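An overview of the molecular structure
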Amino acid sequence: RCFTDIPFDCHLMITPVDHFIADFVDAGANIITLHQEAGPHLHRSLQLIKSHGVKAGVSLNPSTPASTLEHVMDEVDLILVMSVNPGFGGQKFIPSQLDKISTNSKMIDATGRDIDLEVDGGINAETAPQVIKAGADLLVAGSAVFKGGPEQYAANINAVLGRT
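These notes cover the structure that comes with them. Since we're looking at a predicted model, the values are computed, not measured. (Residues numbered from 1 in each chain as written. Predicted model: local features only at pLDDT ≥ 70, side-chain atom pairs only at ≥ 80, totals over all residues. Heavy atoms only, no water.)

1. Focus on the nonpolar core
- Counting residues in hydrophobic clusters, the biggest one holds 37 residues, and the most contacted among them are Ile32, Leu69, Ile79, Ile101 and Val119.
- The residues contacting Leu69, other than those within four sequence positions of it, are Leu42, Val58, Leu60, Ile79, Asn104 and Met107.
- Core analysis: the next-biggest nonpolar cluster, separate from the first, contains 5 residues, Ile31, Leu78, Leu80 and Val84 among them. (Core = buried A, V, L, I, M, F, W, Y, C linked by side-chain atoms within 4.5 Å. Buried < 20%, exposed > 50% of the residue type's maximum accessible area, 1.4 Å probe, protein only. Contact = heavy atoms within 4.5 Å.)

Shown next as structure tokens:
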């Protein structure tokens with residue numbers, strides 16, 4: 001944290017999550033995203049994050065429906081749709097997640113709040129335009145960016161951004 005003021009978005013793929021939140025805030029997190037499945041009381045976990053003065057995000061695994069967020073939208077600053085099953089890089093985008101992205105986008109619009117919609121998993125030059133069209137604001141790309149080594153990073157990023 002001492003090297004930059006760029007926002008740190010910490011995606012915690014751990015359970016239980018609540019007793020780690022203060023540690024991530026102390027380390028400099030600006031946004032803490034937890035998985036909907038990470039504990040029994042999502043609303044309480046989101047309130048805990050916000051009580052530390054940072055933004056709260058919720059991540060949805062591919063099999064978790066968007067409707068699980070219906071009653072916590074007032075506590076959410078970011079929704080992260082996992083478009084692969086979490087665990088390792090290089091997985092193929094799951095096309096059914098486009099409907100979930102669209103559903104979440106509509107849920108966000110209905111709140112009238114400024115909630116970011118992020119997508120992580122299988123993002124590349126082909127899938128990026130699809131998830132943006134479905135309503136995503138933020139994209140996480142790993143393998144598509146880092147393939148080919150450092151000399152390819154700029155070209156890979158430009159390809160994901162549609163600048164080829």
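From this point, the discussion proceeds with the structure in view.
2. Digging into the packing of helix H3 (residues 97-111) against helix H4 (residues 127-134)
- Where H3 contacts H4, the two axes come as close as 8 Å, and the packing angle between them is 30°. Within the contact between the two elements, H3 uses Leu98, Ile101, Ser102 and Ser105 and H4 uses Gln130, Val131 and Ala134.
- By residue class, the composition of the contact of H3 with H4 is 4 nonpolar, 3 polar and no charged. (Axes fitted to C-alpha atoms, helices over the stretch in contact; angles between N-to-C directions. Helix = DSSP H or I, 4+ residues; strand = E, 2+ residues; numbered from the N terminus. Nonpolar A, V, L, I, M, F, W, Y, C, P; charged D, E, K, R; others polar.)

3. Focus on the pattern of salt bridges
- Under the counting rule described, the total for this entry stands at 2 salt bridges.
- Salt-bridge contacts for Arg113 lead to Asp77; the nearest nitrogen and oxygen are separated by 3.5 Å. With Arg113 in the loop between H3 and strand E5 (116-120) and Asp77 in the loop between strand E3 (55-60) and strand E4 (78-82), the pair connects residues that are 36 residues apart, well separated along the chain.
- Relative accessible area serves as the criterion here: at 12%, Asp77 is assigned to the buried category. (Salt bridge = Lys/Arg side-chain N within 4 Å of Asp/Glu carboxyl O.)

By themselves these figures say nothing about function.
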